[in-house]
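# Working through the structure, step by step
Next come the chains, spelled out residue by residue.
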Amino acid sequence: MTDTLFSRVTSAEPDAILGVTTRFKADPRPNKVNLGVGIYLDNDGRVPVLNVVREAEEAIAAQHLPHPYLPISGLPGLSECVQRLLFGADSEVIQSRRAVTVQSLGGTGALKVGMDFLNHICRKNKAAVSRPTWGNHICLLEMAGFTVNSYRYYDATHDALGFDAMMYDLGNMPTGTVLVLHACCHNPTGYDLTEEQWKAVISLCQSRGLIPLLDIAYQGFGLGLQEDALAIRLFAASGMSFLVASSFSKSFNLYNERIGALTVVTASETEAKTVASQLDYVMRANFSSPPSKGARIVFHTLSNETRFNAWCQEVANMRTRIRQMREALAREMATVDAKRDFSFVTRQKGMFSFTGLTPDQIERLEKEFAIYAVKNGRICICGLNNQNVAYVAQSIAAVL
């Protein structure tokens, strides 16, 4: 057979998470449960439309706005809202104008722009992610030209954060390594660092010359909108230069609008202006100009105190439901007298739980009980509700 342009291209492995949803949708069993998809669902298993989103959509539609290109950096005014949410309104970073924020295609787009900037503009080519981490971190880094290493994070023996092992690995990273950190609600484990642990990481980054890239996709889903920004504010107070990739997909339930932001904290306003020009260059090469609908919804909400407070309450409601489902799962696992204590899920934060279930146990859950999850044992707590949590607990107990 004669070689063609694509004859040597091999099929890529299907996405581990999206493949779960595909199989779930094809399953005819009425009792099926999807714990794989990383999306917020209400107690009825639906993606809710927030009241603030509905109000914003109606207000924006009533204006009958035209549809020109947005500036490369995004909707005017949005960057100020993002920075206030990340750093706090009185932050020195904001007052000194040493941070630059650009709109992106969701949190993933923010990561991609940040990684391209670090590799192609700053000439960095080594990176490290937590083990485990969100799988797309590795794909994004490799596509941006990085050699990817990892640092230990999860202690499977104790169902906890392995902080000492993490610090040992970070202490042996080469100078100039881009360090991808989960600012809150670690995906997939749900275990976060304490304030003192973050301070130790910051000190090590400074002494080792590591470059922090903080991913904050779930702000508000852990302890609260302000509390979940702790790591970012500690880095800001340290005087370090660093990057933050933020997302509004979860906190606004705007998954298909692809609205996020990349923020780069520099040493001075002069540096920030230079970085802004290069970010425009990178953005132009990636997608030229960002979309407006999601940005307008977020700006409409965050730029008004009354609407902002209403949004804060809706985020709090989602956070409370997640917490209640964690407690319900632990309680039901105890009720069925499972072979393993599942109280650890109540110590985790955010949408995900690293259950410690093996690939074989996950496969049994799918085949025997129509319960779908990712092979590494991560489950999305939002897939649980009052109607299915007892069944899920009984099924997990059966495969332990």
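Anything mentioned here points back to the structure above.
Residues numbered from 1 in each chain as written. Predicted model: local features only at pLDDT ≥ 70, side-chain atom pairs only at ≥ 80, totals over all residues. Heavy atoms only, no water.

### A short note on a nonpolar patch on the surface
To keep things clear, this is the line we draw: Patch membership is restricted to residues that have no salt bridge and whose relative accessible area is over 30%. Joining uses 9 Å for like charges and 5 Å for the nonpolar side chains Val, Leu, Ile, Met, Phe, Trp and Tyr. Note on areas: these come from Shrake-Rupley sampling with a 1.4 Å probe, and a residue is covered only by the protein chains present in the view. Any Lys or Arg side-chain nitrogen found within 4 Å of a carboxyl oxygen on Asp or Glu counts as a salt bridge. Under the scheme used here, helices are H or I runs from DSSP no shorter than 4 residues and strands are E runs no shorter than 2 residues, and both carry numbers assigned from the N terminus.
A cluster of nonpolar side chains, contributed by L5, F6 and V9, occupies part of the molecular surface with about 390 Å² of accessible area. Mapped onto the fold, L5 is located in the segment before α1 (16-26).

### A look at the side chain of R321
Applied cut-off: Buried residues are those whose accessible area, probed at 1.4 Å on protein chains only, stays under 20% of the maximum for their type, while exposed residues exceed 50% and partly exposed ones sit between those limits. Counted charges follow a simple rule, with Lys and Arg positive, Asp and Glu negative, and His plus the chain ends left uncounted. Only heavy atoms enter the contact rule, under which two residues are in contact if any of them lie within 4.5 Å.
Secondary-structure assignment places R321 in helix α12 (residues 305-335). D42 provides the closest opposite charge to the buried, unpaired R321, separated from it by 6.3 Å. In contact with R321, other than residues within four places in its own chain, are Y40, L41, D42, N43, C382, L384 and N385.

### A look at helix α9 (residues 230-238)
One turn of the α-helix equals 3.6 residues, which is why residues spaced by three or four share an orientation. A231, I232, L234, F235 and A236 are the residues of α9 that are buried. Of the surrounding secondary structure, the elements contacted by the buried residues of α9 are α3 (78-87), α4 (92-95), β7 (178-182), α8 (195-208), β8 (211-216) and β9 (242-247). Just downstream of α9 lies G239, where phi reads positive at about 85°.

### Some details on the packing of α12 against helix α14 (residues 389-399)
Counted only if it meets this: Fitted lines through C-alpha atoms serve as axes, helices being fitted only where they are in contact, and the angles separating the N-to-C directions of these axes extend from 0 to 180 degrees. Each angle receives one of four descriptions, namely roughly parallel if under 35 degrees, roughly antiparallel if over 145, roughly perpendicular if within 65 to 115, and oblique otherwise. In this scheme the handedness of a crossing depends on how the near helix is turned from the far one: anticlockwise by less than a right angle means left-handed, clockwise means right-handed. Throughout this entry, Asp, Glu, Lys and Arg are counted as charged residues, while Ala, Val, Leu, Ile, Met, Phe, Trp, Tyr, Cys and Pro are counted as nonpolar. The remaining residues, Gly among them, count as polar.
Across the interface, α12 lies against α14 with an axial gap of 9 Å and an inter-helix angle of 50°. With respect to α14, the element α12 is oriented oblique. Here the hand of the crossing between α12 and α14 comes out right-handed. Contacts from A328, L329, E332 and M333 in α12 reach V389, A390, A393, I396 and A397 in α14. In terms of residue class, the contact of α12 with α14 is made up of eight nonpolar, no polar and one charged.

### Here's the deal with the sheet that holds strand β3 (residues 126-131)
Under the convention used in this document: By the convention used here, strands pair only if DSSP detects at least 2 bridges between them.
Pairing within the open sheet is mixed, and its seven strands lie in the order β2-β10-β9-β8-β7-β3-β4. Every other strand in the sheet has two partners, leaving β2 (99-105) and β4 (147-152) as the edge strands with one partner each. Direction aside, the axes of adjacent strands within the sheet are offset by 25° on average. Strand direction decides the pairing type here: β8 and β9, joined by four bridges, are parallel. Considered in β9, the bridge of D215 is made with A245. Docked against the sheet, α3 engages β2, β8, β9 and β10 (259-265), running at close to 110° with respect to β2.

### Points about helix α5 (residues 106-121)
Note the cut-off: Take the residue count of a helix, subtract one, and multiply by 1.5 Å to get its expected span.
With 16 residues, α5 extends 22 Å between its outermost C-alpha atoms, agreeing within 8% with the 22 Å of an ideal straight helix rising 1.5 Å per residue. Here α5 lies mainly inside the structure; 12 of its 16 residues are buried. Turning to α5, its buried residues number three or more, namely G106, G107, G109, A110, L111, V113, G114, M115, D116, F117, L118 and N119. Downstream of α5 by a residue or two, R123 has a phi angle that is positive, lying close to 60°.

### Let's talk about the pairing of β9
Inclusion rule: Throughout, right-handed denotes a crossover for which the path from the first strand over the helix to the second runs clockwise when the strands point away from the viewer.
The buried fraction of β9 is high, at six of six residues. Burial of β9 is two-sided: the residues F242, V244 and S246 facing one way and the residues L243, A245 and S247 facing the other way are all buried. Once you follow β8 into α9 and on to β9, the crossover reads as right-handed. In this sheet, β10 lies alongside β9 in antiparallel orientation, the contact comprising six bridges. In the sheet register, S246 faces β10, and the bridge partner there is A261.

### Digging into the environment of N119
To keep things clear, this is the line we draw: Any N or O atom pair separated by 3.5 Å or less is treated as a polar contact, with the protein-specific requirement of one donor-capable and one acceptor-capable atom, and with residues adjacent in sequence counted only for side-chain atom pairs.
The topology assignment puts N119 in helix α5. In this structure the C-alpha to C-alpha distance between N119 and K339, which are 220 residues apart in sequence, comes to 48 Å. Look past the residues within four positions of N119 in its chain and what remains in contact with it is K124, N125, A144, G145 and F146. Only 3.5 Å separates the side chain of N119 from the backbone oxygen of G145, close enough to count as a polar contact.

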